[in-house]
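Descriptive structure summary
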Amino acid sequence: MKKEGVVNPWEVSGDIDYNKLIKEFGTSAISDDIRKRLEKAHPLLRRGIYFSHRDFDKWLTAFDNKKKVSVLTGRGPSEKMHIGHLVPYLVAKSLQEQFNCDVCIPVSDDEKFYVKAGLSMEKAKEYAEDNILDLIALGFKPEKTKIFQDFVYTDIYKYAAMCAKEITYSEAKGIFGLKPENNIGWSFYPAMQAAHILFPQFKNGKHMTVVPVGIDQDPFIRLTRDIAESFNFDKPSALHAKFIPSLSGNSKMSSSDSTNDVIYLTDSPEEVKKKINKYAFSGGKDTLEEHRKLGGNPNIDVSFQYLRIMFEPDDKKLAQIEKDYKSGKLLSGELKSILIEKINAFLKEHQKAREKAKKELEKFILKS
């Protein structure tokens, strides 16, 4: 029996019906016309992992009309980063490369301090500093990219106060399901998130900003769009991603899962190999004979899904892997070996860039 999906900013669980979410959230499916504009973009944009949007067509039109556009996507530093966390930043980088636009990444160490039980302020800041190295390592253009921590770049609180004055408690409670037992930091955080989303316009004037996020974060987008006109700003647009499954096949990879269920950006080649071989959910058949005869199911195979999402950029190679797996020519173990090689190659370069990032912080960090 399928468990009905739960999707909100604090929880993602069960079986997710993305078409249903489009209707419930009142968003728009990404059209073929938009996909054509993104043919050379990251596979996340080309292959339907980003499936929904708000006004991204208007963002593209603004660019075509030679108006300023920007990208904003935040990071909640509750742990060290894993590969599932990369989704919005790889898209932000791809948009920056294609449209030569500014990117801003607020790091909400304050939110995680409010909502994660037992997380101290010092630890939240420590995670933030660690995560920032991973963000810089992705290769953003330093002259067009700004990153800040809420606990450090305290100017953001001025903008949060301006947003807070436009949001009633009943609105925040209704949208986010706030409970009496939640600390009041939770009830203030929507104003901070709105300040993040509007920050490019507070800082650089009225223009179109797109926010690549998981669909679970859309309530923050809706709230911010409702108050944007109070500041004579353009309503921010959004791109919504599907969730990246954990190794075991759960609906969303999460740091709160077992460490064996996620692949961290700091994992060694040996750790990656062990995790994928032992824990990655397979779409293969139970026996070799059966698999050779009937083939595997790439739609439920986590190794294939990871290749499709971000680790095999060549569409022709991916199509051949899918064909071979479905025919039974390619075994589950062989598919896992392909993924292990791809992820370890990516992490080898990423970890080198991460070390280099320690010397490049000044180029990216926004200070009060």
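Coordinates for the structure precede this section.
Predicted model, so just to flag it, every value in this text is computed and none were measured. (Residues numbered from 1 in each chain as written. Predicted model: local features only at pLDDT ≥ 70, side-chain atom pairs only at ≥ 80, totals over all residues. Heavy atoms only, no water.)

1. Brief notes about the overall build of the protein
Broken down by element type, the protein carries 17 helices and 9 strands. Taken against the 2.2 N^0.38 rule, which gives 21 Å for 368 residues, the C-alpha radius of gyration of the protein at 21 Å falls within 12% of a compact globule. Seen along its three principal axes, the alpha-carbon backbone of the protein occupies a region of about 65 × 45 × 45 Å. Buried residues in the protein amount to 52% of all 368 residues. Pairs at least 24 apart in sequence give 74% of the contacts found in the protein among residues at least 6 apart. Just so you have it, the protein exposes about 17,300 Å², and 49% of that area is on carbon and sulfur atoms. Counting 59 positive and 53 negative side-chain charges, the protein places the averaged centre of each group 3 Å from the other. (Helix = DSSP H or I, 4+ residues; strand = E, 2+ residues; numbered from the N terminus. Rg over C-alpha atoms; globule rule 2.2 N^0.38 Å. Buried < 20%, exposed > 50% of the residue type's maximum accessible area, 1.4 Å probe, protein only. Contact = heavy atoms within 4.5 Å. Areas by Shrake-Rupley, 256 points an atom, 1.4 Å probe, with all protein chains shown as cover. Lys, Arg positive; Asp, Glu negative; His and termini not counted. Charge placed at Lys NZ, Arg CZ, Asp CG, Glu CD.)

2. Quick word on the pattern of salt bridges
Going through the model one piece at a time under the given rule, you end up with 20 salt bridges. For aspartate 218, the salt bridge goes to arginine 54, with nearest N and O atoms at 2.8 Å. Placement of aspartate 218 in helix α11 (residues 218-228) and of arginine 54 in strand β4 (residues 50-54) is noted, with a sequence separation of 164 residues between them. For the pair aspartate 218 and arginine 54, one class covers both residues: buried. For lysine 93, the salt bridge goes to glutamate 97, with nearest N and O atoms at 2.7 Å. Pair noted here: lysine 93 and glutamate 97 are both in helix α5 (residues 87-99), with a separation of 4 residues, about one helical turn. Ionic contacts of the salt-bridge type, sharing partners, join the residues Arg46, Arg47 and Asp315 into one network. (Salt bridge = Lys/Arg side-chain N within 4 Å of Asp/Glu carboxyl O.)

3. Points about the nonpolar core
By size, the foremost hydrophobic cluster in this structure holds 65 residues, and its most contacted members are Tyr50, Phe56, Trp59, Leu95, Ile276, Tyr306 and Ile343. Excluding residues within four positions of it along the chain, isoleucine 343 makes contact with Ile83, Ile263, Val272, Ile276, Tyr306 and Phe311. Ranked by size, the runner-up nonpolar core spans 33 residues in total, among them Ile167, Phe220, Phe233 and Leu366. (Core = buried A, V, L, I, M, F, W, Y, C linked by side-chain atoms within 4.5 Å.)

4. Quick look at helix α12 (residues 269-279)
Val272, Lys275 and Ile276 are the residues of α12 that are buried. Down the axis, α12 shows its buried residues gathered within 90° of arc, on one side only. Opposite the packed face of α12, turned more than 90 degrees from it, sit the exposed residues Glu270, Lys274 and Lys278. For α12, the elements touching its buried residues are α14 (302-311) and α16 (332-357). (Arc of directions from axis to C-beta.)

5. Let's talk about the environment of isoleucine 105
Topologically, isoleucine 105 is positioned in strand β6 (residues 102-107). Under the relative-accessibility criterion, isoleucine 105 is labelled buried at 0%. Along the sequence, isoleucine 105 and alanine 92 sit 13 residues apart, while their C-alpha atoms lie 9.5 Å from each other. Sequence-distant contacts of isoleucine 105, defined by excluding residues within four places in its chain, comprise Thr73, Gly74, Tyr89, Leu135, Phe140, Lys146, Ile147 and Phe148.

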